[in-house]
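Below are the chains, spelled out letter by letter.
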Amino acid sequence: MDRIEKVTGREILNAKGKPTVEVEVVTSSGKTGIASVPSGTSKGRYEAHELYDNEPRYSGYGVRKAVENVNTIIRNAIQDMDILNQRKIDSLMIDLDGTKNKGRLGGNAILATSVAVTKAGAASAGMPAFRYL
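Below: a short report on this structure.

Definitions and cut-offs
- Residues numbered from 1 in each chain as written.
- Predicted model: local features only at pLDDT ≥ 70, side-chain atom pairs only at ≥ 80, totals over all residues.
- Heavy atoms only, no water.
- Salt bridge = Lys/Arg side-chain N within 4 Å of Asp/Glu carboxyl O.
- Helix = DSSP H or I, 4+ residues; strand = E, 2+ residues; numbered from the N terminus.
- Buried < 20%, exposed > 50% of the residue type's maximum accessible area, 1.4 Å probe, protein only.
- Pairing = 2+ DSSP bridges.
- Axes fitted to C-alpha atoms, helices over the stretch in contact; angles between N-to-C directions.
- Contact = heavy atoms within 4.5 Å.
- Expected span 1.5 Å × (residues − 1).
- Bend = angle between axes of the 7 residues up to and from the residue.
- Core = buried A, V, L, I, M, F, W, Y, C linked by side-chain atoms within 4.5 Å.

Turning next to the pattern of salt bridges. Inspection of the entire model under this criterion finds six salt bridges. In this structure, Arg10 engages Glu22 in a salt bridge whose closest nitrogen and oxygen atoms are separated by 2.8 Å. Residue Arg10 is located in strand β1 (residues 4-13), and its partner Glu22 is located in strand β2 (residues 19-27); the two are separated by 12 residues in the primary sequence. By relative accessible area, Arg10 is classed as partly exposed at 28%.

Structure, rendered in structure tokens:
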């Protein structure tokens, strides 16, 4: 069984120079998945909450809080889990957040982690992500 060995979140800048969350997941067999999430330009009331720092840095749009959630709460919860158990990993992150709109951990932290897990899982299964899904 290929297990999640390492989860690393970081703040990066997207093509428009706006901060976003990037997550790297590495498995016990050395397979890697990296994903970043763009922020939406139009926000509906049912969309997941993007967690921002609301500090002067980047006009309040820094994502260090969301990154910290990846590097602590999310990492601690999913480390050592079977990389191929996507549904369990996603359900666990949703339960950890505990809000309807992903406002505690941040939809940006949860989504970036989920996609990175998907990519690492696909690599572990030896297939492209679209086939894996």
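Additional details are given in the paragraphs that follow.
Mapped onto the fold, Asn85 is located in the loop between α1 (64-78) and α2 (86-97). Separated by 28 residues in sequence, Asn85 and Arg57 have C-alpha atoms that sit 37 Å apart.

Turning our attention to the sheet that holds β2. Pairing within the open sheet is antiparallel, and its three strands lie in the order β1-β2-β3. On the outer flanks of this sheet lie β1 and β3 (32-36), each paired with one strand and no other. The mean angle between the axes of side-by-side strands here comes to 15°, regardless of whether they run parallel or antiparallel. Judged from the five bridges that link them, β2 and β3 form a sheet pairing that is antiparallel. Note that in β3 the partner of Glu24 across the bridge is Ile34. Lying on the sheet, α1 is in contact with β1 and β2; it crosses β1 at an angle near 175°. Packing of helix α3 (residues 107-125) onto the sheet brings it into contact with β1, β2 and β3, and relative to β3 it is tilted by some 150°.

On to α1, then. Helix length check: α1 (15 residues) gives 20 Å between terminal C-alpha atoms against 21 Å at 1.5 Å per residue, within 8%. A bend of about 35° at Val70 is the largest found in α1. What α1 keeps buried is the set Ala66, Val67, Asn69, Val70, Ile74 and Ile78. Looking one or two residues past α1, Asp80 carries a phi angle of roughly 80°, positive in sign.

Among the nonpolar cores identified, the biggest contains 26 residues, and Ile4, Val21, Val23, Val25, Ile74 and Ile78 are the most heavily contacted of them. Broken down by secondary-structure element, the contributors of at least two residues to this core are β1, β2, α1, α2 and α3. The element best represented in this core is α3, accounting for six residues. Among residues more than four places away in sequence, those in contact with Ile78 are Ile4, Val7, Ile89, Leu92, Met93, Thr113 and Val117.

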